[in-house]
Amino acid sequence: MLVGSGLVKKFGDTLAVDRISVSVPAGSIFGFVGPNGAGKTTLLSMVTGLLRPDGGSVSVRGADVWSDPAVAKRNMGVLPDRLRLFDRLTGSQLLYYAGTLRGLDARTVKQRSTDLAAAFGLEDALGRLVSDYSEGMTKKIALACAMIHSPRLLVLDEPFESVDPVSAANITAILHKYVAAGGTVVLSSHSMDLIERICDRVAIVVNGRVLASGTVTEVRGTGSLEERFLALAGSRITAEGMEWLHSFSD
Amino acid sequence: MVTQFLGLKLRLLANTFRRSPMQNLGIVIGLIYALGATGVTVAGLASLRRVDPLLAGSITVTVGSVIVLGFLVVPLAFGVDHTLDPRSFALFGLPTNRLAPALALAGLVGLPALFITAIAIAQVVTWARDPLSVVLASISAIVIIATSVLGARISSSLASLLLATRRAREITNLIVLIALVSLAPIVAVLASVDWDRGGLRALRSVADVAGWTPLGVAWSAPAELASGNGGVAVLKMLIALALVGLLWLAWRALVGWLLVAPQRRERGANPVRLGWFGRLPSSPVGAIAARSITYWIRDARYHTALLAVPVAPLLFVIALAVAGVPGSVLALVPVPVMCLFLAWSAHNDVAYDNSALWLHVASNTPGWADRFGRLVPALLIGIPLVLIGSPISAGVSGDISVLPSLIGVSSSLLFAGLGLSSVISAAFPYPSVRPGDSPFAQPQASGTGAGLIQSVAFFAAIVLSLPALLLAALGLLNPDVRGWPLAALLVGVGLGLVLFTLGVVWGGRIFTRRAPELLAFTLRQ
């Protein structure tokens, strides 16, 4: 479904993504895990056509994202991390906007908006401006925007960040159903538990490189995914030199 | 703590100037204007020293009341000076008893406080007729300064409390806009009053009333003393002092309340209603147009740009009128100038989106659809403006035969200017204020080229309209030849539409090619 090969991105002297190649089979949930600043967002931005890579190529169902964007982007639903939304629109206006830009007609968009709002528990919020939403609600409306044109592939950057547990369980259920019906999900997170629970395959990204990838069982080996991750990422736990924190100034 | 607050306020004041050259120019012009107005007021008050006390009192009380009213109303309307909002200090755990005086004193640092101090001192000069008057007028001066500064702090805090919801702010903005537009007729009415005969009586009756209101009571006390009403003077001074005490109590209570008050939440609108999205066709162009219109209505950054559209020709006309240009020519100026500014206001539209632009990139939106959709609001305002404004302008100028030229030049400026803006906003975006920030805030990184891009976008639109302008000028200079105005109309509209289409197509190509780079640019802001 998604094939990336030799992806490279440099920001000045720092190599954010260093020749990463991935292959995501159709009908799977693929998770990228890594510490902050590992290059997950950079990688996913290049995959979705938001950031031009310095080298390498990406294709979605055989269509190259950078030379044939019309086909490749039509098949992709995107949830970027830390990018703004058009937040002076109400929730329903934003959904309508996202759907219409994807070429859906008004009736389909309205129908799907209602369904998505119900699925994500946003019914009461649709009439409010997105700028007044909490972070978790903003994440959910952005997720709804990513799904509205029923793409074959969902690329979600940190979809569970600041989402409450009930909504997270809800989203997981939606994603599992979507995959069962033949959809494919690529997501990133720094929550090992979550990735371990919902993904079929994972790749551990540290400093712009994939250190391990494969099915969850392959990658975690005998321990938990978190142990394997800490071993690869180089666990560095420093709690020394902070004694002043325990001196409690009144 | 007071010293820290004063230092903070001084630093904030100095930082006002760390902006782009264009903004600095605007600040300097505003400053010169304010200095001029203050200077004139100060000189006027000082020269009243030799005027009969009754007349002098009428003038000081009226002018003074208007100034104090300004201190109360301007923050309410514009919500200025959020820099030392009590709310900002809620998390520091400072006791209200120390925070309230410190914030009030910090209010003394600033240009408005400086101006009112100068004016209040000039008022002492007005009444420097005998020692007792000097003493009373000096107390008045302190009371005036305290009333103005405390009043301004209270109303700007009230504004931040009451106008926290977006709907409330939208309504206030609308009211301010209407007030600005209706200023012109008021000035006209004032100019028509026969000041020689009825004027003085009108002034005195205004002052009589204002002298007993909180706005003018402190101004009125020394005037009463000079007129020989010692008892009334003392009474008025007591009222003024009591008023400052009340204001102080109100401020203290307000600071205490703001520190713990929750933010107001807005009730949601009917979710089924889509606003402009429901009225325009459901295609990418229609949706982008609806989004743009919604933003022009809701986003304060667009409001400031739009405000220039009626205000710029007003200033232009005033300047030309002062220079002695006849009214028949002046009447032709507003419509083309408004079209020029309207078209120009769209020249950095992409930067206004900030990183929300990703949605267009991820959806592979056609470049021309993005370009055209963004220009729709300007067209919706501009086309009726040309069609309705031009006949009115021509009528006022007294020569209906210039109508074709006027429509030609205005359309050329509007359409060619929009085409130009479409190319420039895709090719040369520069950092702008981020969504949700105050429209007067400083962009995070002022580009070096911002001023250059602004000027090019402005003057190139004029250059592109030169053919229509030249033909119109020929028509004005040779009123006997009937053909020139018609030629100006055809060339203006025709060339304008061609350039508009070219701009949308060319800008669209640039957008399609550079969309990821544009997104990267917005992320760097």
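Along each chain, numbering runs from 1 in the same order as the chain's sequence is written. Lettering of chains starts at A and numbering of ligands starts at 1, both following the order in which they are written. Reporting of local features is limited, given that this is a predicted model, to residues whose pLDDT is at least 70; pairs of side-chain atoms are given and counted only at 80 or more, and all residues count toward the totals for whole chains, interfaces and linings.

K.L.:
I keep staring at the pairing of strand β1 (residues 2-11) of chain A and nothing clicks. Help me out?
P.N.:
Along any regular strand, the residues point their side chains to alternate faces of the sheet. Residue and element names in this part refer to chain A. If DSSP finds at least two bridges between two strands, the strands pair. Every helix listed is a DSSP run of H or I at least four residues long, and every strand listed is a run of E at least two residues long, numbered separately from the N terminus. Across seven bridges, the pairing between β1 and strand β2 (residues 14-24) is antiparallel. Residue pairing for β2: F11 is matched across the bridge by T14. Between the antiparallel neighbours β1 and β2 lie two residues, among them G12 with a positive phi of about 65 degrees.

K.L.:
Help me out: how do you make sense of the nonpolar core in this one?
P.N.:
Generally speaking, soluble globular proteins have nonpolar side chains that are buried together. Core membership is restricted to buried Ala, Val, Leu, Ile, Met, Phe, Trp, Tyr and Cys residues, and these are joined into a nonpolar core through C-beta atoms within 7 Å. Neighbour counting defines burial: a residue surrounded by 20 or more other C-beta atoms within 10 Å of its own C-beta is buried, one with 12 or fewer is exposed, and intermediate counts give partly exposed, using backbone-placed C-beta atoms. Counting residues in each nonpolar core, the largest one holds 159 residues, and the members touching the most others are A:L94 and B:A343. Examining the composition of this core, we find that 15 residues originate from one element, helix α22 (residues 483-524) of chain B, more than from any other. Not counting chain neighbours up to four residues away, the residues in contact with B:A343 comprise B:A378, B:L413, B:L414, B:G417, B:L418, B:S421 and B:A461. Of all hydrophobic cores here, the second largest spans 50 residues; its members include B:L99, B:A106, B:V124 and B:V143. By definition, residues are in contact whenever their C-beta atoms, placed on the basis of the backbone, come within 7 Å of each other.

K.L.:
Looking at this structure, how should I read helix α18 (residues 367-397) of chain B?
P.N.:
Structurally, the α-helix is built with 3.6 residues per turn, so residues lying three or four positions apart point the same way. A helix is expected to reach a length of 1.5 Å times the quantity of its residues less one. Between the first and last C-alpha of α18(B) there are 43 Å, a value that for 31 residues agrees with the 45 Å anticipated at 1.5 Å per step. At the exit of α18(B) stands B:G398, carrying a positive phi of roughly 85 degrees.

K.L.:
What is the right way to read the sheet that holds strand β9 (residues 201-206) of chain A from this model?
P.N.:
Whenever strands of a sheet pair, they do so through backbone hydrogen bonds, lying parallel or antiparallel. All names here are of chain A. Strand order across the open sheet formed by six strands is β6-β7-β8-β3-β9-β10, with mixed pairing between neighbours. What marks the edges here is a single partner per strand, and that holds for β6 (76-79) and β10 (209-215). For this sheet, the mean inter-axis angle between neighbouring strands, taken without regard to orientation, is 15 degrees. Where helix α1 (residues 40-47) meets the sheet, its contacts fall on β3 (29-33), β7 (153-157), β8 (184-189) and β9, and the angle it forms with β7 comes to roughly 150 degrees. The angle between two axes is taken between their N-to-C directions and runs from 0 to 180 degrees, where each axis is a line fitted to C-alpha atoms and a helix contributes only its stretch in contact. In the packing of helix α5 (residues 135-147) onto the sheet, contacts are made with β6 and β7, and the angle to β6 comes to roughly 165 degrees.

K.L.:
Quick question: what am I supposed to make of the packing of α18(B) against α22(B) here?
P.N.:
Packed helix pairs are specified by the crossing angle of their axes together with the interaxial distance, meaning the distance between the axes. All names here are of chain B. Between α18 and α22, the least distance of the axes is 7 Å, while the angle of their chain directions is 125 degrees. By the angle between their axes, α18 is oblique relative to α22. At the point where α18 passes α22, the crossing takes the right-handed sense. Taking contact as the criterion, the partners of G367, W368, D370, R371 and F372 in α18 are, on α22, V504, V505, G507, G508, R509, F511 and T512. Of the residues that constitute the contact of α18 with α22, the class distribution is five nonpolar, four polar and three charged. Throughout this description, any angle smaller than 35 degrees is read as roughly parallel, any larger than 145 degrees as roughly antiparallel, any in the 65 to 115 degree range as roughly perpendicular, and the remainder as oblique. Crossings are sorted by hand: turned counterclockwise from the far helix by less than a right angle, the near helix makes the crossing left-handed, and turned clockwise it makes it right-handed. Side-chain classes follow a simple rule in which Ala, Val, Leu, Ile, Met, Phe, Trp, Tyr, Cys and Pro form the nonpolar group, Asp, Glu, Lys and Arg form the charged group, and the remainder, Gly included, forms the polar group.

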